[in-house]
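Coordinate inspection notes
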Amino acid sequence: MQISHLFVRGLAFVAIALTLSACDQKAASQQAETQQAVAAKNEIVALSGKTMGTTYHIKYWGNNEVSITSQQAHEQIESILKAVNAKMSTYIQDSEISRFNQNTQTNTPIEISADFALVVKEAMRLNQVTQGALDVTVGPVVNLWGFGPEKRVEKQPTQEQITERQAWVGIDKLSLTEESGKFFLAKSVPQLYVDLSSIAKGFGVDQVADYLESIHVQNYMVEIGGEIRAKGKNAENKLWQIAIERPTFDGKQAAQQIIGLNNMAMATSGDYRNYFEQDGVRFSHEIDPKTGYPIQHALASITVLAPSSMTADGLSTGLFVLGEEKALAVAERENLPIFMIIKDGKGYRTEMSSAFKQFLAQ
């Protein structure tokens, strides 16, 4: 029995049609999977955790150039922050900074890591900018007042105790040198104690932000203990909206001012959270390195903007110690964007530098 050529051709056409249909379905499926993958990468990623005795929060938009998962990114960020702690935490006994502080040899350079050297170098520069108000060697006096690794005190130290420890303080007693790409740190008095808590969180923020940029993240916000660096846009396609907190003594949070950060860092220092009271007098955790006593001026908080979170962090501490008048004078001279909330009778008033006003006008 012969089979019609037309019938054979018909079967061939059906086979081809079925093959094309299967290919179309496979292509459509692959396209759908690709679209889902792109959509997933364009969703905002939120990461959080604990570090440096505080918490961190990170948000970023994925994109097609980011080749790792959010879990992989989170693991790497944890590793980065752990490394910062291992170098600069005075609460870790065998950290790099603790080993330097425990060493009592004088005028004997000790090799330190490039990261440690970078932060110390910036702290030294900011000491000059803030007229000595940011001093990372003030730790012995901070500890005496109970705001460091030593146990918290509930009463004011004696003048004799303060005078004794003041003799151990001074950025001039610390020297940083570089030789053949290696860095060395030395002290001129055995009791010299370096505390980078006023700048290390900002450095940690910068490390995380730089990592995100290295994996091609184009829009992010990194915050560690209130120190922030942001770039690009948020989920609403706006600049990252960051609130400057209004000082309160009842623990409640309220926004004084909201700004959009555009490839900038922001840090705030204030005396309304960390303090103790004795005989009705409030003693702030911010110590004036020149006097050895907590600051007593009317400045409640100061917010500083800078390209680097490390710089903003250090400046906010140093300028806060100076007080509102001197801080504003430094800010105008150095063209620094600062926003201050000042105690005024039973309320508060605000002041800002010319650079900050220009920032708001952008």
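Note that this is a predicted model, so its numbers are computed, not measured. (Residues numbered from 1 in each chain as written. Predicted model: local features only at pLDDT ≥ 70, side-chain atom pairs only at ≥ 80, totals over all residues. Heavy atoms only, no water.)

Considering the side chain of threonine 303
Of note, threonine 303 is situated in strand 13 (residues 299-306). Judged by its relative accessible area of 0%, threonine 303 falls in the buried class. Within the structure, the side chain of threonine 303 is placed 2.8 Å from the side chain of threonine 268, a separation counted as a polar contact. (Helix = DSSP H or I, 4+ residues; strand = E, 2+ residues; numbered from the N terminus. Buried < 20%, exposed > 50% of the residue type's maximum accessible area, 1.4 Å probe, protein only. Polar contact = N/O pair within 3.5 Å; in protein donor to acceptor, adjacent residues only side chain to side chain.)

Description of the sheet that holds strand 1 (residues 44-51)
The sheet built from eight strands is open, its strands ordered 1-2-6-7-10-13-14-15 with antiparallel pairing. Looking at which strands have only one partner, the edges of the open sheet turn out to be strand 1 and strand 15 (347-352). For this sheet the average axis-to-axis angle between neighbouring strands, irrespective of direction, equals 10°. Relative to strand 15, strand 14 (residues 338-344) is paired through six bridges, and the arrangement is antiparallel. In the strand pairing of strand 15, aspartate 344 is matched with glycine 347. Each of strand 7 (227-231), strand 10 (264-270), strand 13 and strand 14 touches helix 8 (residues 309-322); the most contacted strand, strand 13, lies at about 155° to it. (Pairing = 2+ DSSP bridges. Axes fitted to C-alpha atoms, helices over the stretch in contact; angles between N-to-C directions. Contact = heavy atoms within 4.5 Å.)

Structural notes on the environment of glutamine 72
Of note, glutamine 72 is situated in helix 2 (residues 70-88). When its relative accessible area of 42% is taken as the criterion, glutamine 72 is described as partly exposed. Within polar-contact distance, the side chain of glutamine 72 engages the backbone nitrogen of threonine 69 at 2.9 Å.

Quick word on the confidence of the model for the protein
Looking at the protein as a whole, its pLDDT mean stands at 84, while 79% of the residues score no less than 70. The model gives residues 1-23 a pLDDT under 50, and that stretch makes one contact with residues more than four places away or in other chains. Scored below 50 in pLDDT, residues 273-282 shows 32 contacts in the model against residues more than four places distant or in partner chains. (pLDDT = per-residue confidence, 0-100.)

Quick notes on the pattern of salt bridges
In the structure shown here, the tally under the stated rule is nine salt bridges. Taking the shortest distance from any N to any O, the salt bridge between arginine 229 and aspartate 206 comes out at 2.9 Å. Of the two residues, arginine 229 is situated in strand 7 and aspartate 206 in helix 7 (residues 200-214); the sequence distance between them amounts to 23 residues. Overall, arginine 229 belongs to the buried group, its relative accessible area being 11%. (Salt bridge = Lys/Arg side-chain N within 4 Å of Asp/Glu carboxyl O.)

Topic: the packing of helix 7 against helix 8
The N-to-C vectors of helix 7 and helix 8 enclose an angle of 165°; their axes lie 7 Å apart at closest approach. When the axis of helix 7 is compared with that of helix 8, the two are roughly antiparallel. Between helix 7 and helix 8 lies a crossing of right-handed hand. When helix 7 is examined against helix 8, the residues Ala200, Lys201, Gly202, Phe203, Val205 and Asp206 are found in contact with a partner set consisting of Ser309, Met310 and Asp313. Grouping the amino acids of the contact of helix 7 with helix 8 by side-chain chemistry returns four nonpolar, two polar and three charged. (Parallel < 35°, antiparallel > 145°, perpendicular 65-115°, else oblique. Left-handed = near helix turned anticlockwise from the far one by under 90°. Nonpolar A, V, L, I, M, F, W, Y, C, P; charged D, E, K, R; others polar.)

Some remarks on the UniProt feature "binding site: Mg(2+)" (unreviewed entry) in the protein
Here the UniProt-annotated "binding site: Mg(2+)" (unreviewed entry) positions come out as Ser198, Asp313 and Thr317. Spanning 120 residues, the annotated positions come together in the fold, the maximum distance between their C-alpha atoms being 6.6 Å. Along the chain, aspartate 313 falls in helix 8. Not counting chain neighbours up to four residues away, the residues in contact with aspartate 313 comprise Ser198, Ile199, Ala200, Lys201, Gly202, Glu227 and Ala267. Within the structure, the side chain of aspartate 313 is placed 3.0 Å from the backbone nitrogen of glycine 202, a separation counted as a polar contact. What makes threonine 317 buried here is its relative accessible area of 10%. Once residues lying within four places of it in the same chain are set aside, the contact partners of threonine 317 are Leu134, Ser198, Ser269 and Glu286. (UniProt positions renumbered as here; feature names shortened; annotations may be inferred.)

Points about the nonpolar core
The biggest cluster of nonpolar side chains holds 44 residues, and the ones touching the most others in it are Leu174, Leu196, Ile302, Leu319, Ile338 and Met340. Per element, the largest residue contribution to this core is seven residues, and it comes from helix 4 (residues 114-129). Those residues in contact with leucine 196 that sit more than four places away from it in its chain are Met88, Ile97, Phe116, Val119, Val120 and Val136. Core analysis: the next-biggest nonpolar cluster, separate from the first, contains 20 residues, Leu47, Tyr60, Ile77 and Leu81 among them. (Core = buried A, V, L, I, M, F, W, Y, C linked by side-chain atoms within 4.5 Å.)

Here's the deal with the packing of aromatic side chains
Taken as a whole and judged by the stated rule, the model has three aromatic pairs. Aromatic side chains phenylalanine 339 and phenylalanine 356 sit 5.4 Å apart centroid to centroid with 40° between the ring planes, which places their arrangement in the tilted category. On the criterion of sequence distance, the pair formed by phenylalanine 339 in strand 14 and phenylalanine 356 in helix 10 (residues 354-361) is long-range, its members being 17 residues apart. Look at phenylalanine 339 and you get buried, because its relative accessible area is 2%. We classify phenylalanine 356 as buried; its relative accessible area is 0%. Aromatic side chains phenylalanine 356 and phenylalanine 359 sit 6.3 Å apart centroid to centroid with 45° between the ring planes, which places their arrangement in the tilted category. With a gap of three residues between them, phenylalanine 356 and phenylalanine 359 both fall in helix 10, about one helical turn apart. An aromatic cluster is defined as three or more aromatic residues linked by ring pairs; in this entry it consists of Phe339, Phe356 and Phe359. (Phe/Tyr/Trp six-rings, centres within 6.5 Å; stacked < 30°, edge-to-face > 60°.)

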